[in-house]
Amino acid sequence: MKLILFGPPGAGKGTQAEFLSQTFSIPSISTGAIIRNAIREKTPMGIAAEKYIDEGQLVPDEVVIEIVKERISEDDCKNGYILDGFPRTLNQAVALKNMGEKIDHVIDLEVSDEDLIKRLSGRRECKSCGAPYHIKYNPPKVDGVCDKCGGTLISREDDDPETVRKRLVVYHKQTEPLKEFYKKEGLLRIVKGQEELADTKKEVLKALEVGK
Ligand code: AP5
């Protein structure tokens, strides 16, 4: 199964990608996480990408397309994958299609801007393994500590309110129009973001027609 998780910043793409990855035993590929890792490791790509992330702008298409092309050619993607945060522009969507990838479903997680801002201000992520948490909606068992690896939980730098507002503008202008592209392809499945994580999971499975 090849899935795309689509939606604005904070819609829950990373959270659902992790759940679906465990459910279907296929890897989840987050372009944002790959870029943040490259920034931490100070690779040439990371150094070039940092200023875009800090400003809440998209990293250039050619960089992101190359990241995805390489990643999906790896062995663990043979039985499918979940793309979290890619594509984000029409160029990226066309490039994915030209790679010959047959996508099964595009899950569009819809949440209002007001709720997104609330979610992102309470988001925490593990510094070591990147697992996502929320101080209210998805808290760790021990405050500030990752349930999975014991790593320290931190706030992402691009979650400060000013950068979040910029990311939302970029989403509405550059990424949201892609919905029409996937609607025409007959792949778009809309899931209204729910207040409870468990409810969103159920709705996502329903949209995939594999759960109730
Ligand atoms: P990226 O890392 O992809 O960030 P994003 O798309 O802005 O999305 P987020 O990771 O902020 O949110 P999410 O939807 O994954 O939500 P989450 O599950 O964490 O990209 C970062 C940057 O990288 C971009 O700005 C860009 O610069 C660059 N980039 C990445 N891909 C690119 C591309 N293709 N092209 C160009 N540039 C690219 O959930 C959010 C919070 O809400 C969490 O705390 C979670 O616990 C909570 N939550 C989740 N679901 C629920 C629920 N149902 N109810 C209550 N709380 C919930």
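Shown above is the structure to which this text applies.
All values reported here derive from a predicted model rather than from experimental measurement. (Residues numbered from 1 in each chain as written. Predicted model: local features only at pLDDT ≥ 70, side-chain atom pairs only at ≥ 80, totals over all residues. Heavy atoms only, no water.)

Novice: Would you mind showing me how to read the sheet that holds strand S5 (residues 123-126) here?
Specialist: The pairing of strands in a sheet happens through backbone hydrogen bonds and is either parallel or antiparallel. If you walk across this open sheet you meet the 3 strands as S6-S5-S7, and the pairing is antiparallel. In the strand order of this sheet, the two ends are held by strand S6 (132-134) and strand S7 (153-154), each with one partner. The pairing of S5 with S7 spans 2 bridges and is classified as antiparallel. Paired with Cys-126 across the bridge in S7 is Leu-153. (Pairing = 2+ DSSP bridges. Helix = DSSP H or I, 4+ residues; strand = E, 2+ residues; numbered from the N terminus.)

Novice: When you look at the environment of Asn-79 in this model, what are you seeing that I'm missing?
Specialist: Mapped onto the fold, Asn-79 is located in the loop between helix H4 (61-72) and strand S3 (81-84). Sequence separation between Asn-79 and Phe-24 is 55 residues, and the spatial gap between their C-alpha atoms is 9.7 Å. Other than its neighbours up to four places away in sequence, Asn-79 contacts Met-1 and Ile-26. (Contact = heavy atoms within 4.5 Å.)

Novice: Any chance you could explain the site of the ligand here in plain terms?
Specialist: If you check the shell around the ligand, you find 36 residues, and the closest are Thr-15, Gln-57, Arg-88, Arg-123 and Arg-167. At a separation of 2.6 Å, an oxygen atom of the ligand approaches a polar backbone atom of Gln-57. Between a nitrogen atom of the ligand and a side-chain N or O atom of Thr-200, the distance comes to 2.9 Å. The fraction of the free accessible surface of the ligand (1,000 Å²) that becomes covered by protein chains is 98%. For the shell around the ligand, the secondary structure elements donating two or more residues are helix H1 (13-24), helix H2 (31-40), helix H6 (113-121), S6 and helix H9 (197-207). The element contributing the most residues to the shell around the ligand is H2, with 4 residues. Split into classes, the residues belonging to the shell around the ligand amount to 13 nonpolar, 13 polar and 10 charged. (Near = heavy atom within 4 Å. Polar contact = N/O pair within 3.5 Å; in protein donor to acceptor, adjacent residues only side chain to side chain. Areas by Shrake-Rupley, 256 points an atom, 1.4 Å probe, with all protein chains shown as cover. Nonpolar A, V, L, I, M, F, W, Y, C, P; charged D, E, K, R; others polar.)

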